[in-house]
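One letter stands for each residue in the lines below.
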Amino acid sequence: MLSIDERWDLIDKISKKTVKFGKYKHTLKDAVGELTVKPLTGIPVAVAVLYGFWSVFSSFAGFCTDGFLVKIFDGYWLPWLQNIFPGGLHNWLYNLMVDAGHIENGVLVPSDNCFEAFGVLTSGLFVPFGVVLPAVFIFYLMMTLLEDIGYLPRLAVLIDTVLHKIGLHGYAIVPTILGFGCNVPAVTATRILETKKQRFMMMTLLGIFIPCGAQLGIMEEVIPDTMGFVILYLLFGYFVFGFILNKIIPGKSPEILIDIPPYQRPTIHNVRKKVWIRVSGFLKVAVPFVILGCLIVGVMYITGFMDWLANALSPLLTNWFGVPKETVGPLVAAFMRKDLAVAQLSAIEMTKYQMITSVVLVSIYFPCLATFIMILKEGGKELLGSLAALVASVFIFGGLIHLIWILLGVA
Amino acid sequence: MKILLMGHPNVGKSVFFNRLTGSNVIESNYPGTTVDYTKGYMVLENRDIEVIDVPGTFSLEPKDKAEEVAVKMLEEEKDAIVVCVIDASKIERGLYLTLEIIEKGYPVIIALNMWDVAKDKNIEIDVKNLEKILEVPVIPTVAISGEGIKEVVSRIKEAKPVKIKNIIKNVGG
Amino acid sequence: MNKYTIGKIYFGVLGIVTLAFGVAELVVTAGGDSFSWSILEIPNGIFRGGWGGVIILSAGSFYLSGIKNLSEIHQFSKIVMGSILIWIVAGCDIFAMITESIPGEEGWFNSLEGFLETYAPPYPPAIILLPFSLIVIYYIYKRKVA
Ligand SMILES: Nc1nc2c(ncn2[C@@H]2O[C@H](COP(=O)(O)OP(=O)(O)OP(=O)(O)O)[C@@H](O)[C@H]2O)c(=O)[nH]1
Ligand SMILES: [Mg+2]
C-alpha cells in the first residue's frame, strides 16, 4: 500500500507523461455560470428563477385543476356518486365513502364539492388526482430541468454563501430543495452529510418545516392569497430551530463543500424518464395514504370519537393556538398526508389568520407517515428521543404565531 | 462475475449503469444523486452479469454515509471487476481512487468519461500511454451519447489485477 | 462606427427603459391599483408587481452594469443575464396567458373570442421589453463567429 503522499506523487508523474492541459479561454457559458454563484449577481438570478418556478407552477396547476378537473369532479363525479351510491346522508357507509354532509341551519345537507364531502371516493380521489397530481407533475418537471441544467448545485452554493454571512453553517441545501418535492427522498439524500449530528438535524428540520410539492399544490388551490405567509413562517421556523438544534445537539457540523458541475443542456429522454419515475413514485406513496387518511378520519367522525377529541383538545386549540376546535380532524389526517389535511382545513369556517396558523400547525406538528418511516429507517432510534423535544417546540412555535396575531390585533 | 461501477460523485456512473443494464436509476447534474446501491443485469457472451451502481466516493476512506455504502460494496464483492469511471476533465482526482482500488488487488478497467468536456477544455490525454503505464484498459467515453460504451463492454474481460510496483516502474522508465 | 459602440448605446437605452419599468412596477404595487396606458399595463400585487418588478429592476441593472467594456466576455455575460431575466418574466406572462385562454368559465373550453381576447393588448412590461431584449442573440452569434 502507498501512503497518501506517495500516491499523489505517482499520479503527478503519470499525468506529466500522459496529460496536456491546453490553453483554455473562458466561454460565455462559464461567465454566465460565474454570475449565478456570486451573491451580488446571483441573488437577483435566484429570485428570478424562483419567480419563474412559482409562476409556471401556479399557472399550470390552476389550468388543470380549476380549468378542468374541478369541473369533472364537482360537476359529474360527485353528483353521480351521490345518485347511484346506496344509502344516503344518514347511512354510515355512504358518509364514509361518498359524502359526510354538513350541518346548515340545523339540517344535514349534502355537499356540493369534493373538498367538503370528505368521502373516500370523493375527497380521497379528488385530492390526489384532481389537485395534487398536476401540481406534483409540473413541480417535478421544473425541478428536473433545474437539476439537469446544473442550476441546483449553484443555488445551493449561493444559499450557503448567504447563510454563512448571517452565521448559519452547515445547512444541507440540496436535500432541503429536494424536500420541496417530497420529503421522503430528501431524507435519504441527507446521507451525503458528514456527521451524525448534521444528518439528524437536517432530517428533523426537513420532516418538520419543509412543505412538500403536494402540500404546496393544495395550498395554491385553497389558500392562494395567504400561502406566502405560511411558507414564510415555515422557513423562519426551519432556520430558527436549525440554529437552536445546532447549539444544543452535541457533535460537529462541518462545512459542506459542493463541486459545481458545468451547465448542460438537459436531454428530453432523461427528463421524461425522471419525471415519470418521480410522479409514479408519488402516486404509489400518496394515494394509499390519502385514502387511508380519509378512512381513519371518517371512522373517527362516525364513531363520535372525533367530537370527543375535539372537545378534549378544545382548550389547547382555541386558547393556546387560537384555532377552532374543528381543526382536530385535519390534525389527525396530517399524520397520514399533509395535502389531505390542508384540503380538510379549507372546508372549516375560520378567519384568514386562523387559517394560516392551522395550516402551519398541520405542517409542523409531525412529519407525514411516509417521511416518518423513512426517518426511522435512516436515522434510527435516537430520533424517538428527540420527538418529545420536538413536540415541545411545536407548542412554542404555534403559540408564538398566535401571539404575533394577538400583537397585530388580528386574532 | 460481477461488475462494480466506482468513481467520484457526478462523473456519470448512473448514466453508465442505465446504458449497460437498461435500468432507470436517477441521473442528475449534481454530486450526491445516488446514495444507495442498485443492482442490474447485462448480457455478455450469453451470460447474465450483475452490474452494481454505487454512490460516488472520493476515496476509500468514507467521509459520509453514501461513501460508506460504496466502500462497503467494494469490500463485499471481493471477486468483482471494477469499472472505474473517471471525469476526464479532472483526471488526476479520479486516478487517486483508481490507484487505491488497484492497490486492493481488484481487476480494473478505466472509462475516461466526459471525454467531450475534456476536449472542450483543451485537455489532451494520451490514452495509449496511460494504458501502457497502468497496464489496464483505458477507454474514452461519453456516457450520455453512448460513445465508447461498447468498447468498454468488449474489453471488460481484459481487466486484470495489476501490481502497483509495475505502475511505479512503468512511469519511472 | 464599431458594432460594439452601437451595442453600448442600444443596451444603455434599453437598460434605462428596463430600469424605469421596474421602478414603475414597484410604485404601482405600492400604490395598490394596476395601471394601464395604451398597450402597456403594469401589474399590481405582491407577486407579479412586487416580485416581478424587482426582477425587471435587476434586469435593467444588469444591462447598465454590462455596457462598459462590452466586448469583454464577463461584461457581455451581464447583458446576456439581463435578457435572460426578462425572458423568464415574459415567458411566465405568456405561459399564464396560454393557460388562461383555453378553459372556459362555464363550459369545458373558452369561446373563440374569449380565447383571442386573452392575447390582445395591453401587455405587461416584460412582454413589451421582450422583442428588444432578443437583440442579444445577434451579439452572442456574432461572438461565436468572431
Ligand atoms: N458532457 C457529458 N456529460 C455527462 C457524461 N456522462 C454523464 N454526464 C452527465 O453528468 C451528470 C452526472 O451523471 P450521473 O450518472 O448522475 O453521475 P453519478 O456518477 O451517478 O453521480 P453520483 O450518483 O452523484 O455519484 C448528468 O447530468 C449526466 O448527464 C459525458 O460523458 N459527457
Ligand atoms: Mg449516480
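Heads up: the structure comes first, above all this text.
This is a predicted model, so every value here is computed, not measured. (Residues numbered from 1 in each chain as written. Chains lettered and ligands numbered in written order. Predicted model: local features only at pLDDT ≥ 70, side-chain atom pairs only at ≥ 80, totals over all residues. Heavy atoms only, no water.)

1. Here we look at the site of ligand 1
Turning to step 1, where the next piece is worked out: Around ligand 1 there are 25 residues in total, and Gln264(A), Lys13(B), Ser14(B), Gly32(B) and Thr34(B) lie nearest to it.
Turning to step 2, where the next piece is worked out: Nearby residues place ligand 1 at the junction of chains A and B.
Turning to step 3, where the next piece is worked out: Between ligand 1 and Ser14(B), the relevant distance is 2.8 Å, taken from an oxygen atom to a side-chain nitrogen or oxygen of the residue.
Turning to step 4, where the next piece is worked out: Between ligand 1 and the protein, one listed contact pairs an oxygen atom with a side-chain N or O atom of Asn113(B) at 3.0 Å.
Turning to step 5, where the next piece is worked out: Summarising the interface, the protein chains cover 97% of the accessible area of ligand 1, which totals 660 Å² for the free molecule.
Turning to step 6, where the next piece is worked out: Counting residues per element, the shell around ligand 1 draws most heavily on helix α1 (residues 13–21) of chain B, which supplies 3 residues. (Near = heavy atom within 4 Å. Polar contact = N/O pair within 3.5 Å; in protein donor to acceptor, adjacent residues only side chain to side chain. Areas by Shrake-Rupley, 256 points an atom, 1.4 Å probe, with all protein chains shown as cover. Helix = DSSP H or I, 4+ residues; strand = E, 2+ residues; numbered from the N terminus.)

2. Quick word on the pattern of salt bridges
Turning to step 1, where the next piece is worked out: Enumeration according to the criterion identifies 20 salt bridges over all chains in this entry.
Turning to step 2, where the next piece is worked out: For Glu147(A), the salt bridge is made with Lys274(A), and the minimal N-O distance between the two is 2.8 Å. Here the residue Glu147(A) occupies a position in helix α6 (residues 123–149), and Lys274(A) occupies one in helix α13 (residues 268–302), the gap between them amounting to 127 residues.
Turning to step 3, where the next piece is worked out: On the accessibility criterion, Glu147(A) (0% relative accessible area) is buried.
Turning to step 4, where the next piece is worked out: Put simply, Glu50(B) and Lys2(B) hold a salt bridge, and the shortest N to O gap is 4.0 Å. With Glu50(B) in strand β3 (residues 47–53) and Lys2(B) in strand β1 (residues 2–7), this pair connects stretches of sequence that are 48 residues apart.
Turning to step 5, where the next piece is worked out: For Lys2(B), a relative accessible area of 24% puts it in the partly exposed group.
Turning to step 6, where the next piece is worked out: In this structure, a network of salt bridges that share partners links the residues Glu147(A), Asp148(A), Lys274(A) and Arg278(A). (Salt bridge = Lys/Arg side-chain N within 4 Å of Asp/Glu carboxyl O. Buried < 20%, exposed > 50% of the residue type's maximum accessible area, 1.4 Å probe, protein only.)

3. So, the sheet that holds strand β2 (residues 38–44) of chain B
Note on sheets: strands pair through backbone hydrogen bonds, and any given pair is parallel or antiparallel.
Residue and element names in this part refer to chain B.
Turning to step 1, where the next piece is worked out: Spatially, β2-β3-β1-β4-β5-β7 is the arrangement adopted by the 6 strands of the open sheet, whose pairing is mixed. Only two strands of the sheet have a single partner each, and these edge strands are β2 and β7 (138–140). Between one strand axis and the next, the sheet turns by 25° as a mean value, whatever way the strands run.
Turning to step 2, where the next piece is worked out: Strand direction decides the pairing type here: β1 and β3, joined by 4 bridges, are parallel. Counterpart to Lys2 in the pairing with β3 is Glu50.
Turning to step 3, where the next piece is worked out: Strand contacts of helix α2 (residues 65–76): β1, β2, β3 and β4 (81–87), with the helix running at about 145° to β1, the strand carrying the most contacts.
Turning to step 4, where the next piece is worked out: Against the sheet, helix α3 (residues 91–103) makes contact with β1, β4 and β5 (108–113), and its axis sits at roughly 165° relative to β4, the strand it touches most. (Pairing = 2+ DSSP bridges. Axes fitted to C-alpha atoms, helices over the stretch in contact; angles between N-to-C directions. Contact = heavy atoms within 4.5 Å.)

4. Topic: the layout of surface pockets
Turning to step 1, where the next piece is worked out: Empty space within the second largest pocket amounts to approximately 1,600 Å³.
Turning to step 2, where the next piece is worked out: If you list the elements that add at least two residues to the lining of the second largest pocket, you get α3 (39–84), α6, α7 (151–165), α8 (173–179), α11 (213–222) and α12 (227–248) of chain A together with α2 (45–66) of chain C.
Turning to step 3, where the next piece is worked out: For the lining of the second largest pocket, the residue count by class is 31 nonpolar, 3 polar and 2 charged. (1 Å grid on protein atoms, 1.4 Å probe; cavity = no way out; pocket = protein on both sides within 12 Å on 5 of 7 lines; lining within 4 Å. Points joined across faces, edges and corners; volume = space filled by probe spheres on them. Nonpolar A, V, L, I, M, F, W, Y, C, P; charged D, E, K, R; others polar.)

5. What to know about the side chain of Thr29(C)
All names here are of chain C.
Turning to step 1, where the next piece is worked out: Here Thr29 shows up in helix α1 (residues 3–31).
Turning to step 2, where the next piece is worked out: For Thr29, a relative accessible area of 18% puts it in the buried group.
Turning to step 3, where the next piece is worked out: Not counting the four nearest positions on each side in its chain, Thr29 is found in contact with Pro43, Asn44, Gly45, Ile46, Gly49 and Gly50.

6. Re the coordination of the magnesium ion (ligand 2)
Residues and elements named next belong to chain B.
Turning to step 1, where the next piece is worked out: Within the first shell, the magnesium ion (ligand 2) binds the protein through Ser14 (OG) and Thr34 (OG1), at distances of 1.9 to 2.0 Å. Taken together, the residues span a long stretch of sequence, with Ser14 in helix α1 and Thr34 in the loop between α1 and β2 at a distance of 20 residues. Assigned by exposure class, Ser14 and Thr34 land together as buried. (Donors = N, O, S within 2.8 Å, 3.2 Å for Na, K, Ca; no water.)

7. Details of the interface of chain A and chain B
Turning to step 1, where the next piece is worked out: In this assembly, 44 residues from chain A lie in contact with 44 residues from chain B.
Turning to step 2, where the next piece is worked out: Taken together, the two surfaces of chain A and chain B that pack against each other cover about 4,000 Å², and 61% of this comes from carbon and sulfur.
Turning to step 3, where the next piece is worked out: There are 5 salt bridges connecting chain A and chain B.
Turning to step 4, where the next piece is worked out: A salt bridge links Glu27(B) to Lys273(A), with the nearest nitrogen and oxygen atoms 3.4 Å apart.
Turning to step 5, where the next piece is worked out: At the boundary of chain A and chain B, one finds 21 residue pairs in polar contact (both at pLDDT 80 or more).
Turning to step 6, where the next piece is worked out: Breaking the side of chain A that touches chain B down by element, the ones donating at least two residues are α1 (4–18), β1 (19–21), α6, α7, α8 and α13 of chain A.
Turning to step 7, where the next piece is worked out: Tallying contributions element by element places α1(A) first for the side of chain A that touches chain B, with 11 residues.
Turning to step 8, where the next piece is worked out: Looking at the side of chain A that touches chain B, its residues break down into 21 nonpolar, 7 polar and 16 charged. (Buried area = accessible area lost by both parts, 1.4 Å probe.)

8. So, the pairing of β1(B)
Residues and elements named next belong to chain B.
Turning to step 1, where the next piece is worked out: Within β1, 5 of the 6 residues are buried, which leaves it mostly tucked inside the rest of the structure.
Turning to step 2, where the next piece is worked out: Relative to β4, β1 runs parallel, the two being bridged by 5 bridges. Bridge pairing in β4 links Met6 to Cys84.

9. Remarks on the nonpolar core
Turning to step 1, where the next piece is worked out: Within the largest apolar cluster, 156 residues are counted, with the highest numbers of intra-cluster contacts made by Leu205(A), Phe209(A), Ile218(A), Met219(A) and Val360(A).
Turning to step 2, where the next piece is worked out: For this core, the element with the most residues is α3(A), which contributes 16 residues.
Turning to step 3, where the next piece is worked out: Apart from residues lying up to four places away in sequence, Phe209(A) is in contact with Leu234(A), Gly237(A), Tyr238(A), Phe241(A), Ile364(A) and Phe397(A).
Turning to step 4, where the next piece is worked out: In this structure, Ile14(A), Ile91(B), Leu112(B) and Ala118(B) belong to the second largest nonpolar core, which totals 45 residues. (Core = buried A, V, L, I, M, F, W, Y, C linked by side-chain atoms within 4.5 Å.)

10. A short note on the interface of chain A and chain C
How big an interface is tends to be stated in terms of the accessible area lost upon association of its parts.
Turning to step 1, where the next piece is worked out: The partner chain C presents 31 residues to the 28 residues of chain A that form the contact.
Turning to step 2, where the next piece is worked out: Note on chain A versus chain C: buried area summed over both sides is about 2,500 Å², and carbon and sulfur give 83% of it.
Turning to step 3, where the next piece is worked out: The three residues of chain A that bury the most area against chain C are Leu28(A), Tyr51(A) and Lys71(A), which together make up 28% of that side's buried surface.
Turning to step 4, where the next piece is worked out: Counting across the chain A and chain C interface gives 0 salt bridges.
Turning to step 5, where the next piece is worked out: At the boundary of chain A with chain C, the tally comes to 4 residue pairs in polar contact (both at pLDDT 80 or more).

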